[in-house]
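Residues per chain, in single letters:
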Amino acid sequence: MTLHTLPALGPNKKLKLPKEMERKLPNGLTVIAIRRPAVPLVELRLWIPFGRAHLARGAMLSQTLFSGTDTMSMVEIAAALQSVGGGLSAGLGPDRLLVSGNGLVTGLDRILELLAEVLGGAAYPGDEVATERERLADGIQVAQSQPSHLARSALLKRMYGKHPYATQTPDVEQVRAVRPAQLRALHAERVRPDEAILVLVGDLQPGKALDAAERALGRWTGGGKQVKLPPAPALTPAPLLVVDRPDSVQSSLRMALPAVGRTHPDHAALQLANLVFGGYFSSRWVENIREDKGYTYGPHSLVEHAIAGSALVVAAEVATEVTGPAMLETVYELGRLASLPPKEDELEQARQYALGTLQLGMSTQAGLAGLASTYAGFGLRLEFLAEYSARLAAVTRDEVAAAAATYLAPSRAVTVVLGDAGRIEAPLAALAPVAREDAQP
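Residues numbered from 1 in each chain as written. Predicted model: local features only at pLDDT ≥ 70, side-chain atom pairs only at ≥ 80, totals over all residues. Heavy atoms only, no water.

Q: Describe the overall build of the protein, naming the residues involved and giving the relevant values.
A: Across its full length, the protein carries 16 helices and twelve strands. The C-alpha atoms of the protein give 24 Å as radius of gyration, which agrees with the globular expectation for 441 residues (22 Å, within 12%). Overall size of the protein, expressed as C-alpha extent along the three principal axes, is 65 × 55 × 45 Å. Looking at the protein as a whole, 50% of its 441 residues qualify as buried. (Helix = DSSP H or I, 4+ residues; strand = E, 2+ residues; numbered from the N terminus. Rg over C-alpha atoms; globule rule 2.2 N^0.38 Å. Buried < 20%, exposed > 50% of the residue type's maximum accessible area, 1.4 Å probe, protein only.)

Okay, here's the thing in structure tokens:
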């Protein structure tokens, strides 16, 4: 069989930004309209800063935001949205309440009217709240039976201590205690236009879209005040934590390392260092513990950004009997990258992947809306993507090596391993000091 050499990759394309317009309304709402005429649809993202709140009530608010108003039932809202090919839903993150949806671009006015109806008059009817309360409680109970959820929860507590980010899933009993009056009070306090950002992306004329948003949402008001999160604490390396899950057939390895925000000078170099380590399929770590040794199927690492801070998170599920060897190889790959620069071809491959995924992420209306709203929530606009693309293209091997040495040193890691402590504690203790606790739902 004749093997053929793959052709060289072509030159990087310059990131082309779509046309956008922005307007800040008198009530404090910022509206960003972006033209992307691929299909006759519009994507909508509304980022509402939510800060610190009673977690169970916040989760229930996001579940029941569209359950009805003083003049429309949940079914009527859904039917009105469907009449213009649309839909809206809400989700709660550590920093924000995010309303997402889409529909025919010809129905944008109606979608915005319905959104305004809900933002200004969500009623949280008792029967709908009761139904969603049980659905959310059931979902939490299912999640709490999953090793990935338990490992993630343990890592967050180890990373953040008493910071609000430490707990991101409410307790089931707290959810079942939430009442409609509490949701109405929380809505009045937190669902407000000041500092909120609405992003509209689609086959639209940006100026006309801004006018439509102002007509529909210009009268939206809210009481209360914005609640600012304190900065996330610096990671404090501690003994490796073994979270005991007796009789588990696999172990969940989780590590957190320090990282920087998107505007930090080291950000692009750190992103490339992470890709070389474990951030995509061709990385060193994946090659080592998946392709070479077969310890796991899908290890991955990524830089997670939140308003109060950023962290690089490493995750893998491995068979119980290879927990110690898998951890050893993970620490080895981190240490190798922190002490030896990547090869030029290795770095170039990671760079091409980073630039390509950036282009790909902007290629659809939904992807562009997600990127634009996420960046806007951090005070950035699309032009930052062009700056970031240029930084990725210009980062040198020495800069990546410096970022790896600064942020990826294993000694700086917070590490949690969920599994059968009776079988994994001794192999892990041979690598590092170990603490132990029982798995908590």
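Q: Give a description of the pattern of salt bridges that names residues and reports values.
A: Across all of its chains, the model carries 24 salt bridges by this definition. One salt bridge connects Arg 176 with Glu 134, and the closest N-O pair in it is separated by 3.4 Å. With Arg 176 in helix 6 (residues 172-176) and Glu 134 in helix 4 (residues 126-143), this residue pair connects regions lying 42 residues apart in the sequence. Its relative accessible area of 25% is what places Arg 176 among the partly exposed residues. Of the residues examined, Glu 134 reaches a relative accessible area of 33% and is grouped as partly exposed. In this structure, Glu 189 and Arg 190 form a salt bridge, with 3.3 Å as the shortest nitrogen-oxygen distance. Within this structure, Glu 134, Asp 138, Glu 173 and Arg 176 form a network of salt bridges that share partners. (Salt bridge = Lys/Arg side-chain N within 4 Å of Asp/Glu carboxyl O.)

Q: Just give me the short version of the sheet that holds strand 3 (residues 41-49), but keep the residues and values in it.
A: Spatially, 1-2-6-3-5-4 is the arrangement adopted by the six strands of the open sheet, whose pairing is mixed. The two strands at the open ends of the sheet, each matched to only one other strand, are strand 1 (20-24) and strand 4 (87-92). On average, adjacent strands in this sheet sit at an angle of 15° to one another, irrespective of strand direction. Where strand 3 and strand 5 (residues 96-104) come together, nine bridges link them in antiparallel fashion. Looking at the pairing, Val 42 lines up with Gly 103 of strand 5. Contacts from helix 3 (residues 108-121) reach strand 3, strand 4, strand 5 and strand 6 (197-202), with the element oriented near 20° to strand 3. (Pairing = 2+ DSSP bridges. Axes fitted to C-alpha atoms, helices over the stretch in contact; angles between N-to-C directions. Contact = heavy atoms within 4.5 Å.)

Q: Talk me through helix 4; I want residue IDs and the actual numbers.
A: The end-to-end C-alpha distance of helix 4 is 26 Å, a good match for the 26 Å that 18 residues give at a rise of 1.5 Å each. When helix 4 is considered as a whole, its buried residues turn out to be Glu 128, Val 129, Glu 132, Arg 133, Leu 136, Ala 137 and Ile 140. Down the axis of helix 4, the sector holding all buried residues measures 160°, keeping them to one side. In helix 4, the exposed positions angled more than 90 degrees off the buried face are occupied by Asp 127 and Val 142. (Expected span 1.5 Å × (residues − 1). Arc of directions from axis to C-beta.)

Q: Outline the nonpolar core, listing residues and values.
A: Formed by 63 residues in total, the largest nonpolar core has its most connected members in Ile 34, Leu 270, Leu 272, Leu 312 and Leu 408. Looking at this core, the element that brings in the most residues is helix 9 (residues 267-279), giving eight residues. (Core = buried A, V, L, I, M, F, W, Y, C linked by side-chain atoms within 4.5 Å.)

Q: Just give me the short version of unusual backbone geometry, but keep the residues and values in it.
A: In this structure, Glu 195 is a non-glycine residue whose phi angle is positive, near 75°. Here Glu 195 is to be found in the loop between helix 7 (180-190) and strand 6.

Q: Can you explain the pairing of strand 4? Please cite residues and give values.
A: Two elements, strand 4 and strand 5, share six bridges in a ladder whose sense is antiparallel. Each bridged residue has a counterpart across the sheet, and for Leu 92 the counterpart in strand 5 is Leu 97. Counting the residues between successive antiparallel strands, the hairpin from strand 4 to strand 5 contains three residues.

Q: Which residues make up the packing of aromatic side chains, and what are the values?
A: Counted under the stated rule, the structure contains six aromatic pairs. When the centroid spacing of 5.7 Å and the interplanar angle of 40° are considered together, the rings of Tyr 375 and Phe 384 count as tilted. The exposure class assigned to Tyr 375 is buried, which follows from its relative accessible area of 8%. Judged by its relative accessible area of 5%, Phe 384 falls in the buried class. The ring of Phe 50 carries Arg 190 above its face, with NZ or CZ at 5.8 Å from the centroid. (Phe/Tyr/Trp six-rings, centres within 6.5 Å; stacked < 30°, edge-to-face > 60°. Lys NZ or Arg CZ within 6 Å of the ring centre and 35° of its normal.)

Q: Can you break down the sheet that holds strand 11 (residues 414-419) residue by residue, with the values?
A: Strands in a sheet are paired, the pairing made by backbone hydrogen bonds, and the direction either parallel or antiparallel. Sheet architecture is open: six strands sit in the order 9-10-8-11-7-12, paired in mixed fashion. Edge strands, defined here as strands with exactly one partner in the open sheet, are strand 9 (300-306) and strand 12 (434-438). This sheet shows a mean twist of 20° between the axes of neighbouring strands, independent of strand direction. Across five bridges, strand 7 (residues 240-244) lies against strand 12 in parallel orientation. The residue of strand 12 that forms the bridge with Leu 240 is Val 434. Where helix 5 (residues 147-160) meets the sheet, its contacts fall on strand 7, strand 8 (250-258), strand 9, strand 10 (309-319) and strand 11, and the angle it forms with strand 11 comes to roughly 150°.

Q: Before we move on, could you go through a negative patch on the surface and cite the residues and values that matter?
A: On the surface, a cluster of negative charge is contributed by Glu 344, Asp 345, Asp 398 and Glu 399. Of all the secondary structure elements, the ones that give two or more residues to the negative patch are helix 12 (344-361) and helix 15 (397-407). Secondary-structure assignment places Asp 345 in helix 12. (Patch = residues over 30% accessible without salt bridge, like charges linked within 9 Å, V, L, I, M, F, W, Y side chains within 5 Å. Areas by Shrake-Rupley, 256 points an atom, 1.4 Å probe, with all protein chains shown as cover. Lys, Arg positive; Asp, Glu negative; His and termini not counted. Charge placed at Lys NZ, Arg CZ, Asp CG, Glu CD.)

Q: A description of the pairing of strand 3 should follow, citing residues and the corresponding values.
A: Among the nine residues that make up strand 3, eight are buried, leaving the element largely enclosed by the rest of the structure. Pairing analysis gives six bridges linking strand 3 to strand 6, with the strands arranged antiparallel. Directly across from Leu 44, in strand 6, lies its bridge partner Leu 200.

Q: Kindly report on the side chain of Ser 373, identifying the contributing residues and their values.
A: You can see Ser 373 is positioned in helix 13 (residues 365-377). The exposure class assigned to Ser 373 is buried, which follows from its relative accessible area of 3%. Excluding its chain neighbours within four sequence positions, the residues that come into contact with Ser 373 are Arg 45, Trp 47 and Val 199.

Q: Outline a nonpolar patch on the surface, listing residues and values.
A: Together, Val 39, Leu 41 and Leu 104 make up a nonpolar patch on the protein surface, roughly 200 Å² of accessible area in all. Relative to the helices and strands, Leu 41 is located in strand 3. You can call Leu 41 partly exposed: its relative accessible area is 31%.

Just distances and angles here, no functional claims.
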